[in-house]
Each structure stands twice: as C-alpha cells, then as structure tokens.
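Results of the structural survey
Residue-level listing of the chains:
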Amino acid sequence: FRGVTANTLLEENLKCVTSTTGGPFYAGTIPIKTGTGKWFWEFRTSSSIGGMGVAKINGPSGANQSVTSNSTSTGTTDYYYGETNWSIYNDNIVHNGGVVTNLVGVISYPEIYGILIDTDSDPMTITYYRDGASKGSADLDSGYDYIPMAGDGTGSTAVVATIHANFGQNPSFNGEETAGSNTDANGNGLFSQTVPTGALALCTANLPDPAIDPAQ
C-alpha cells in the first residue's frame, strides 16, 4: 500500500491503522486492467468500519478516486460511499453512490475476507469470500481500470480500524493469524483460504514481462 491521506502504514505497508481524523484511504500499487483474468487477495479487518475493495482509475472521462473527502453522504466521492468505489462497509458491499449488496451469513470481527476481481466477465465483477465460499458480489463499471484500496468508511473522528492486507506475501496477517498454505493458479503466494479456480495473486510474479527494445 501507499498512504494517500493522513494515516499510519506499518509492517512493510501491509498493515493499515486508520486515522482519528476520519475517512483515511490507502491505495494499492498494481492496477487491475480489463481482460487480464482473475485476481485475488485477502484482508483482515478489526471491525465493520474498516474494509477493502477497489476504486476506478484511468476511465474514459479521467475518473479517479478522491483521496481528500471525509464525507459519507450518499453520492460523494468518499471511498466507501462514492460513485467510483466498491468495498465492504458495515457488513455490506457498498458501491455506486451508496447502493448496497448484502453479504451472506453472520460476521464475527476480526474477520478475514478474500476479494476476487474477474476482469474477463462482462461486466467485470468483484466477489467477497469468507472461509473459501462466496458471500456476495457486485458488477463493476465497464471502461475503467481498478486499483485496490482500503480504509475507514465512517468519516468519524472517534473510530479507528486496523486492516492487514495479504497479496500472497503476508499469510499470517502480520502475526495475527496462523499462516495459510493455499497458493494461486500459478503456485504463487500463500493465502488463508482456498484461492478461487483460475485466480492469480496480485503480485509482480504474475505480471507479464515488459517488452524490451533490442535497440536499447
């Protein structure tokens, strides 16, 4: 992760502690592009006010995630309630200006979720997993790239959440859990839960080699 508002990043930037200033955001560093397959990662959150998802980038109108708004009013560009984001908040997937998709089952925090982005489906989808089973999914908007993001969706100045991300290199969530031993479709990464069929860890080992000009 990289910090994009006032926040605290720890443990090689895989542990996010949200700020009491309310509504801080954390962004990933690898964009997810249309037609590149299925991508999977996990996160552990200390409470229902902290979660992970994706935000639009590189859209046809230059739409990008706001990293300054702390508001949680429907229709704003805040991470959890904005029209550019899909994320877990208060045990639901909140997306497209506050539209809610209910998650299945009873949740007990701290909780571990898996996230699957399927860029080959039409439309692209985001699906959340617990214990290796799908608990809810939502369609993403076409014509955009997406980037992982995490944060506190309350906008409150009195609430702090801790989020541990695992893109395959943090299977114990910074020592909070017993390390998992599941790998992706290429045998890369270590995960707490079974990786969905055909999915890859969002890591450099699974990215294509850049083209090299022989004249250089």
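Everything discussed here concerns the structure shown above.
Values in this document were obtained by computation on a predicted structure and should not be read as measured data. (Residues numbered from 1 in each chain as written. Predicted model: local features only at pLDDT ≥ 70, side-chain atom pairs only at ≥ 80, totals over all residues. Heavy atoms only, no water.)

All right, on to the overall build of the protein chain then. A tally of regular secondary structure across the protein chain gives zero helices and 15 strands. In the protein chain, which comprises 216 residues, the share counted as buried stands at 50%. Taking all contacts inside the protein chain whose residues are at least 6 apart in sequence as the whole, residues at least 24 apart take part in 62%. A total accessible area of about 9200 Å² is found for the protein chain, and carbon and sulfur atoms account for 47% of it. (Helix = DSSP H or I, 4+ residues; strand = E, 2+ residues; numbered from the N terminus. Buried < 20%, exposed > 50% of the residue type's maximum accessible area, 1.4 Å probe, protein only. Contact = heavy atoms within 4.5 Å. Areas by Shrake-Rupley, 256 points an atom, 1.4 Å probe, with all protein chains shown as cover.)

Alternating residues of strand 8 (residues 92–95) divide into Asn92 and Val94 and Ile93 and His95, and every residue in both groups is buried. With four bridges connecting them, strand 7 (residues 85–89) and strand 8 associate as antiparallel partners. By the bridge assignment for strand 8, Ser87 is matched with Val94. The hairpin formed by strand 7 and strand 8 contains two residues between the paired strands, and Asn90 there has a positive phi angle of roughly 50°. (Pairing = 2+ DSSP bridges.)

With that settled, the discussion passes to the environment of Ile117. Of note, Ile117 is situated in strand 10 (residues 111–118). Take Ile117: its relative accessible area is 0%, and that puts it in the buried class. When near neighbours in sequence (up to four residues on either side) are disregarded, Ile117 contacts Ile32, Gly37, Lys38, Trp39, Trp41, Val54, Met124, Thr125, Ile126 and Leu140.

Following the criterion strictly, the structure yields four salt bridges and no others. Two residues, Arg44 and Glu177, come together in a salt bridge whose shortest N-O distance is 2.8 Å. Of this pair, Arg44 sits in strand 5 (residues 38–45) while Glu177 sits in the loop between strand 14 (162–166) and strand 15 (199–201), and the two are 133 residues apart along the sequence. Classification of Arg44 by relative accessible area gives buried; the value is 10%. Within the structure, one salt-bridge network assembled from shared partners comprises Arg44, Glu176 and Glu177. (Salt bridge = Lys/Arg side-chain N within 4 Å of Asp/Glu carboxyl O.)

With respect to the helices, strands and loops of the structure, Thr119 is situated in the loop between strand 10 and strand 11 (125–130). One polar contact links the side chain of Thr119 to the main-chain amide nitrogen of Thr36, over a distance of 2.8 Å. Look past the residues within four positions of Thr119 in its chain and what remains in contact with it is Ile32, Lys33, Thr34, Gly35, Thr36, Gly37, Trp39 and Met124. (Polar contact = N/O pair within 3.5 Å; in protein donor to acceptor, adjacent residues only side chain to side chain.)

Looking at the element boundaries, Asp145 is found in strand 13 (residues 145–152). On the accessibility criterion, Asp145 (12% relative accessible area) is buried.

What follows is about the pairing of strand 13. With respect to burial, strand 13 is a largely interior element, eight of its eight residues being buried. Because side chains alternate across strand 13, one face comprises the buried residues Asp145, Ile147, Met149 and Gly151, and the other comprises Tyr146, Pro148, Ala150 and Asp152, equally buried. Direction of pairing for strand 6 (residues 50–57) relative to strand 13: antiparallel, over a ladder of eight bridges. Each residue of the ladder has a partner; that of Lys56, found in strand 13, is Tyr146.

It is worth spelling out the nonpolar core at this point. Counting 30 residues, the largest nonpolar core has Trp41, Met52, Ile117, Ile126 and Tyr128 as its most contacted members. Among the secondary structure elements, those contributing two or more residues to this core are strand 5, strand 6, strand 7, strand 10, strand 11, strand 13 and strand 14. In terms of nonpolar packing, the next biggest core, distinct from the first, is built from eight residues, Phe40, Val195, Ala199 and Ala201 among them. (Core = buried A, V, L, I, M, F, W, Y, C linked by side-chain atoms within 4.5 Å.)

Moving on: unusual backbone geometry. For the bond running from Tyr109 to Pro110, omega is 5°, close enough to zero to count as cis. Relative to the helices and strands, Pro110 is located in the loop between strand 9 (99–102) and strand 10. The backbone of Asp131 sits at a positive phi, close to 55°, despite the residue not being glycine. Along the chain, Asp131 turns up in the loop between strand 11 and strand 12 (133–139).

Turning our attention to the packing of aromatic side chains. In the structure shown here, the tally under the stated rule is six aromatic pairs. The interplanar angle of 75° and the centroid separation of 6.4 Å between the aromatic rings of Phe40 and Tyr129 together place this pair among those described as edge-to-face. Separated by 89 residues along the polypeptide, Phe40 in strand 5 and Tyr129 in strand 11 bring together distant segments of the chain. Per residue, the accessibility class of Phe40 equals that of Tyr129, and both read buried. Measuring from centroid to centroid gives 5.3 Å for Phe43 and Tyr113, while their planes differ by 25°, and the two rings are stacked. Of this pair, Phe43 sits in strand 5 while Tyr113 is found in strand 10, placing the two residues 70 residues apart along the sequence. Like Tyr113, Phe43 is buried. (Phe/Tyr/Trp six-rings, centres within 6.5 Å; stacked < 30°, edge-to-face > 60°.)

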